[in-house]
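Now for the letters of each chain:
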Amino acid sequence: MDQDAKKKAVARAAMDHVVEDAFVGVGTGSTANFFIEMLAEVKGRIEGAVASSDETEKRLKEHGIPVVPLNSVNELPVYVDGADECTKYLHLIKGGGGALTREKIIAAAADKFVCIIDDTKVVKTLGTFPLPVEVIPMARSYVAREIIKMGGRPELREGFTTDNGNVILDIHNLLVLNPVEIEERLNSIVGVVTNGLFAKRPADVVLVATDEGIIDL
């Protein structure tokens, strides 16, 4: 089974967690895009969606799915999104697509966070994938120096601006042995909006597509 087939299969499996007559949070990225296609098949049975990025909002609307801002939703039963890395503890690295801040906000607001990935994303220790950090532009150099003190090698994501108008530093060579501690430490640096570690609020369910089928971590 190729990677796209796995992504499609795991997106289909996530539909079991969608609550009828309610809003659903929708993530950003290639696997989330397959989920949007599945969601379009049942759009008449949900209230609408909360999008984690401008790109996701555009895709949802193209499929005729109503999109509402998070501030308009009192209850969000489920949020479905992919990840760049995941451990058996359901800790994640997200933000390869640059939408980490809005993704983290919606995950926090949702009753259940369902992460959908293929088996290439499962790792023993987080950190092989560069850890994204969203930063206020004027703080970029200062934040980078602080990250270097932590042992990481920050690299500006050239030519990229987040939907919030900020920049992203991708941290290389940072082995994340204690995800909760690293998440808190990075977020304590003045000028950091948030980082791509989802450890304090990890996924509730991780569905993994393999050649043998879908497994639930």
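Our subject is the structure that appears above.
Residues numbered from 1 in each chain as written. Predicted model: local features only at pLDDT ≥ 70, side-chain atom pairs only at ≥ 80, totals over all residues. Heavy atoms only, no water.

Novice: Could you give an account of the overall build of the protein, naming the residues involved and the relevant values?
Specialist: What the protein contains, in helices and strands, is six helices and 13 strands. Its C-alpha atoms give the protein a radius of gyration of 17 Å, within 12% of the compact-globule value 17 Å for 217 residues. Structurally, the protein occupies a C-alpha span of about 50 × 40 × 30 Å along its principal axes. Taking all 217 residues of the protein together, the buried fraction comes to 54%. Restricting to contacts in the protein with at least 6 residues of sequence separation, those with at least 24 account for 73%. Roughly 10,000 Å² of accessible area belongs to the protein as shown, and the carbon and sulfur atoms make up 49% of that amount. Side-chain charges of the protein comprise 24 positive and 33 negative groups, with the mean position of each set lying 4 Å from the other. (Helix = DSSP H or I, 4+ residues; strand = E, 2+ residues; numbered from the N terminus. Rg over C-alpha atoms; globule rule 2.2 N^0.38 Å. Buried < 20%, exposed > 50% of the residue type's maximum accessible area, 1.4 Å probe, protein only. Contact = heavy atoms within 4.5 Å. Areas by Shrake-Rupley, 256 points an atom, 1.4 Å probe, with all protein chains shown as cover. Lys, Arg positive; Asp, Glu negative; His and termini not counted. Charge placed at Lys NZ, Arg CZ, Asp CG, Glu CD.)

Novice: Just give me the short version of the pairing of strand β2 (residues 48-51), but keep the residues and values in it.
Specialist: Residues Gly48 and Val50 of β2 are buried on one face, and the alternating residues Ala49 and Ala51, pointing to the opposite face, are buried as well. Relative to β2, strand β1 (residues 23-26) is paired through four bridges, and the arrangement is parallel. Within β2, the position partnered with Gly25 by the bridge is Val50. You can see the chain leave β1, run along helix α2 (residues 30-40) and come back into β2, and the turn it takes is right-handed. (Pairing = 2+ DSSP bridges. Right-handed = clockwise from strand over helix to strand, strands pointing away.)

Novice: Describe helix α1 (residues 3-14), and please don't skip the residues or the numbers.
Specialist: Compared with an ideal rise of 1.5 Å per residue, which puts twelve residues at 16 Å, α1 spans 17 Å between its outermost C-alpha atoms and is within 8% of the ideal. For α1, every residue scored as buried is listed here: Lys6, Lys7, Val10, Ala11, Ala13 and Ala14. Summarising the axial view, the buried residues of α1 lie within an arc of 155°, below the 170-degree limit, and thus occupy one face. Measuring from the backbone nitrogen of Asp4 back to the side-chain oxygen at the start of α1 gives 3.3 Å, which picks out Asp2 as the cap. (Expected span 1.5 Å × (residues − 1). Arc of directions from axis to C-beta. Polar contact = N/O pair within 3.5 Å; in protein donor to acceptor, adjacent residues only side chain to side chain.)

Novice: Describe the environment of Gly191, with residues and values.
Specialist: Within the secondary structure layout, Gly191 lies in the loop between α6 (179-187) and β10 (192-195). By relative accessible area, which is 16% here, Gly191 ends up buried. Beyond its immediate stretch of four places on either side in the chain, Gly191 contacts Glu134, Val135, Ile136, Ala139 and Val143.

Novice: Explain α2 to me, using residue names and the numbers behind them.
Specialist: Counting buried positions along α2 gives nine out of eleven residues, so the element sits mostly inside the fold. Looking at α2, one finds that the buried residues are Thr31, Ala32, Asn33, Phe34, Phe35, Ile36, Met38, Leu39 and Ala40. Looking at the buried residues of α2, the elements they touch are α1, β1, α3 (54-62), β3 (78-81) and β6 (112-118).

Novice: Talk me through a nonpolar patch on the surface; I want residue IDs and the actual numbers.
Specialist: Together, Val122, Ile215 and Leu217 make up a nonpolar patch on the protein surface, roughly 220 Å² of accessible area in all. With respect to the helices and strands, the residue Val122 is situated in the loop between β6 and β7 (131-135). (Patch = residues over 30% accessible without salt bridge, like charges linked within 9 Å, V, L, I, M, F, W, Y side chains within 5 Å. Salt bridge = Lys/Arg side-chain N within 4 Å of Asp/Glu carboxyl O.)

Novice: Let's hear about the pattern of salt bridges: which residues, and what values?
Specialist: Summed over the entire model, instances satisfying the criterion amount to 15 salt bridges. Between Asp54 and Arg102 there is a salt bridge, and its shortest N-O distance comes to 3.4 Å. On the criterion of sequence distance, the pair formed by Asp54 in helix α3 and Arg102 in helix α4 (residues 100-109) is long-range, its members being 48 residues apart. We classify Asp54 as partly exposed; its relative accessible area is 42%.

Novice: I'd like a rundown of the sheet that holds strand β8 (residues 153-156), residues and numbers included.
Specialist: Across a sheet, paired strands are connected by hydrogen bonds in the backbone, their directions being either parallel or antiparallel. Reading across the sheet, the four strands line up as β8-β9-β7-β10 and stay open at both edges, with antiparallel pairing between neighbours. Where the open sheet ends on each side, the last strands, each with one partner, are β8 and β10. Neighbouring strand axes in the sheet, compared pairwise and without regard to direction, differ in orientation by 30° on average. Strand contacts of α4: β7, β9 (167-172) and β10, with the helix running at about 70° to β10, the strand carrying the most contacts. Strands β7, β8, β9 and β10 of the sheet are contacted by helix α5 (residues 140-149), whose axis makes an angle of about 15° with β9. (Axes fitted to C-alpha atoms, helices over the stretch in contact; angles between N-to-C directions.)

Novice: Summarise the sheet that holds strand β11 (residues 197-198); cite the residues concerned and give the values.
Specialist: Ordered by their spatial adjacency, three strands build an open sheet running β4-β5-β11, and the pairing between neighbours is antiparallel. In the strand order of this sheet, the two ends are held by β4 (85-86) and β11, each with one partner. The pairing of β4 with strand β5 (residues 92-93) spans two bridges and is antiparallel. When the sheet's bridge partners are listed, Glu85 is paired in β5 with Ile93.

Novice: Which residues make up unusual backbone geometry, and what values do they have?
Specialist: For Asp21, which is not glycine, the phi dihedral falls at a positive 60°. Here Asp21 is to be found in the loop between α1 and β1. What makes Asp21 exposed here is its relative accessible area of 58%. Despite not being glycine, Asn173 shows a phi value in the positive range, around 60°.

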